[in-house]
Amino acid sequence: MTSPPTLLLLRVLLLWGAFRGARAGTLFPRETSSRETKELNGLWSFRADLSANRNAGFERAWYKRRLAESGPVLDMPVPASYNDITQDPQLRDFIGWVWYDRELVLPARWLADQSTRLVLRVGSAHYYAVVWVNGVKVAEHNGGHLPFEAEVGDVLRADPPSAPRWVTIAVNNTLSLHTLPPGSIQHLDDLTRYPKGYFVQNTYFDFFNYAGIHRSVLLYTTPKAYVSDITVVTDFTDSVGSITYDVAVSGSSKASLTVSLTDGDGRCVATAAGPAGVLKVPEVRLWWPYLMHQTPGYLYSMEVHMQADGLEDVYVLPVGVRTVRVTSTQFLINNKPFYFHGVNKHEDSDLRGKGFDWTLVLKDFNLLRWLGANSFRTSHYPYAEEVLQMCDRLGIVVIDECPAVGIKDIRSFGNASLAHHLDVMGELVTRDKNHPSVVMWTVIAHTKALDPTRPVTYAPYVDVVCVNSYFSWYHDPGRLEVISLQLNTQFEEWYGKYGKPIIQSEYGADVVPGLHSDPPMMFTEEYQAMVLQSYHRVFDQKRKQYVVGELIWNFADFMTAQGITRVVGNKKGIFTRQRQPKAGAFILRERYWSLANETGVFPPWTKYPCSL
């Protein structure tokens, strides 16, 4: 969340770059007739490097043997942030290197079959990670939120089958002026006020700097010659859909490829041959957003079958056929006007921090559907791939955002930062380019070269203006009567200057659950309700003109750094951190279902006020 009242979402998103030290996890690991996966989630051994320079682990080569052999360890769940797992306040706010390791037990056939690639993949680690297998460095990755991987077959097969095998991952959450998001380390050297060597991590964003291994770690297999990347672009004319595909193969220059497309009932509807081509789909069933059609989130399955040098590889990619287009006043999905009525979110929950958890994911999606929300923005970083897959299936529209939040220092605009931005944006677009739910990048400039099929948000150079404003909160606090005038002025000025559709990408007010006041006062449930209703009246005027969406800040309360303006986190959620509704949730539910009934086409059983 941005604190000032009227700010464009300035995500300085400059592209393209190769990975440094690790390869992108481009295709999500899926089990097929030629591929297997083995999750490494669960309890790992863990140690924080508490040395003064935070470098003892490297100086003493902790990766050369099991962590438990070089000192005391804790049990630590993966995936999870480590910060809230123990009762140790030092670990909760720890800055520096932490170390994880666990034993690897592999199927014998994986070790025996030299024609099988063994790949170690880390879903995300915050923020800098180094990976060893059996004491051999195999990967290094800069940046959280996105996956990376490395081939480890040679290392794993170097020892006899009965020899012990293990993986070690070191993770550093230190933020500098050149990381995404940026931060700075401040050393406090006054020995009359602070202990020797005391330092703090300064951050310029309003969420807690959770750290650790946040998404799944797994091993997966492919043949030595394999499908390494797939790109699809979809379109339709009348009732005929088209899927333009491009398949990359690694490990062989003599591969032959066949591609088949099956519908939701398992019927083959199109085939093609070769590494690139077009699948024509008669009587195509389009991918539609939730509450916009009777069958939202319709997906086909595209099976790519590769043969090369006596090897076979099969990969199956879900595909949704849809188009996205922007005019000066509308956002169009499948040539129909689409209005974003949704939320901003955070990957955040009690105990787990930013750790991926299926229980939480499913609860959140059930709440989104109960709310009548058709969209969300991945504030302020890329979310887990599994979340986007759920959006594909359910028809929830996504504005996909990079982690460039809190860039305020001029030193963060140099070449070092640019190079990192290029890497991160390359990883983000490469990972998420095939998700039909992703309709827009919160990025600028070179993204268009990577993906010309989706709009981007960053005026004046792109397609949609996203505006954050907190009238009667950060400016004119407590003055509810100014919201209508100031919000109307905001919209008129932005549209008058750029002539592009506008999304109100953030608005809201903090609420302490159960705190009440009449007349409404700040931090009460009544005050949040009045703020929402005041904004909504202006939205209803402007959505008839050029406003194409509204995203509340925030879906749920979330943790922040401690400070005098935050009472155990940010309380702008319409749900508590435990996912219980505040008064604002019911106001939004009433509004969102009303909007859906105005514009949507869906079965009678889903219509408001049916209990969901």
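Below is a summary of the structure that appears in this document.

Parameters at a glance
- Every residue gets a number counted from 1 within its own chain, in the order that chain's sequence is written.
- Selection of residues for local features in this predicted model requires a pLDDT of at least 70, selection of side-chain atom pairs for listing and counting requires 80 or more, and totals for whole chains, interfaces and linings are taken over all residues.
- Just so you know, side-chain values use all the structure's heavy atoms and leave hydrogens and water out.
- In this scheme, strands are said to pair when DSSP sees at least two bridges between them.
- Counting from the N terminus, the helices are DSSP H or I runs at least four residues long and the strands are E runs at least two residues long.
- With axes taken as lines fitted to C-alpha atoms, and helix axes fitted only over the stretch in contact, angles between N-to-C directions fall between 0 and 180 degrees.
- Only protein chains enter the area calculation, which uses a 1.4 Å probe; residues under 20% of their type maximum are buried, those over 50% are exposed, and those in between are partly exposed.
- Should any heavy atoms of two residues lie within 4.5 Å, those residues are considered in contact.
- Throughout this description, any angle smaller than 35 degrees is read as roughly parallel, any larger than 145 degrees as roughly antiparallel, any in the 65 to 115 degree range as roughly perpendicular, and the remainder as oblique.
- In this scheme the crossing of two helices becomes right-handed for a clockwise turn of the near helix relative to the far one and left-handed for an anticlockwise turn of less than a right angle.
- Polar here means any residue other than Ala, Val, Leu, Ile, Met, Phe, Trp, Tyr, Cys and Pro, which are nonpolar, and Asp, Glu, Lys and Arg, which are charged; Gly is therefore polar.
- Orienting the strands away from the viewer, one traces the path from the first strand over the helix to the second; a clockwise path indicates a right-handed crossover.
- Working definition: rings of Phe, Tyr and Trp (its six-membered ring) pair if their centres are within 6.5 Å, and the pair is stacked with planes under 30 degrees apart, edge-to-face with planes over 60 apart, and tilted otherwise.
- Charges are assigned to positions over rings by a cutoff of 6 Å between ring centre and Lys NZ or Arg CZ, combined with an angular limit of 35 degrees from the ring normal.

Here 6 strands make up an open sheet; going across it, the order is β5-β4-β6-β12-β9-β10 and the pairing antiparallel. Across the chains shown, the open sheet's two edge strands, defined by having one partner strand only, are β5 (74–78) and β10 (136–142). Here the average twist between neighbouring strands, direction ignored, is 25°. Two elements, strand β9 (residues 128–133) and strand β12 (residues 166–172), share 6 bridges in a ladder whose sense is antiparallel. By the bridge assignment, Tyr-128 is partnered in β12 with Asn-172.

Checked against the element boundaries, Asp-364 lands in helix α5 (residues 358–371). Residue Asp-364 is classed as buried on the basis of its relative accessible area of 5%. Contact partners of Asp-364, with chain neighbours within four places excluded, come to Lys-345, Phe-555 and Arg-579.

We now examine the packing of helix α10 (residues 525–542) against helix α11 (residues 583–599). Interhelical geometry of α10 versus α11 gives an angle of 20° and a closest axis separation of 8 Å. The angle between α10 and α11 places the two elements in the roughly parallel class. Between α10 and α11 lies a crossing whose hand is right-handed. Contact residues: α10 offers Glu-525, Gln-528, Ala-529, Leu-532, Gln-533, His-536, Phe-539 and Asp-540, while α11 offers Ala-583, Gly-584, Ile-587, Leu-588 and Arg-591. Class assignment for the residues of the contact of α10 with α11 results in 6 nonpolar, 4 polar and 3 charged.

Turning our eyes to something else, we now look at the pairing of strand β31 (residues 465–468). Of the two faces of β31, both are covered, the one formed by Val-465 and Val-467 as well as the one formed by Cys-466 and Asn-468. Looking at chain direction, β31 and strand β32 (residues 502–506) are connected through 4 bridges and run parallel. The partner of Val-465 across the bridge, within β32, is Ile-502. With respect to chirality, the unit in which β31 leads through helix α9 (residues 483–498) into the neighbouring parallel β32 is right-handed.

Between α5 and helix α6 (residues 385–394), whose axes approach to 11 Å, the crossing angle comes to 35°. The handedness of the crossing between α5 and α6 is right-handed. Between α5 and α6, the contacting residues are Trp-358, Val-361, Leu-362, Phe-365 and Arg-369 on the first element and Glu-386, Val-387, Met-390, Cys-391 and Leu-394 on the second. By residue class, the composition of the contact of α5 with α6 is 8 nonpolar, no polar and 2 charged.

We now examine the packing of aromatic side chains. Evaluation of the coordinates by the stated rule reveals 35 aromatic pairs. Centroid distance Phe-331 to Phe-340: 5.0 Å. Interplanar angle 75°. Geometry classified as edge-to-face. Each of the two residues, Phe-331 as well as Phe-340, counts as buried. With centroids separated by 6.0 Å and ring planes inclined at 55°, the aromatic side chains of Trp-473 and Tyr-527 adopt a geometry described as tilted. You can see Trp-473 sitting in the loop between β31 and α9 and its partner Tyr-527 sitting in helix α10, a full 54 residues away along the chain. Here Trp-473 and Tyr-527 have matching classes, each one buried. Grouping aromatic residues by their ring pairs yields a cluster made of Phe-58, Trp-62, Tyr-63, Trp-97, Trp-99, Tyr-128 and Trp-132. Arg-47 extends its terminal NZ or CZ atom over the ring of Trp-62, reaching a point 4.5 Å from the ring centre. Arg-117 extends its terminal NZ or CZ atom over the ring of Tyr-226, reaching a point 3.6 Å from the ring centre.

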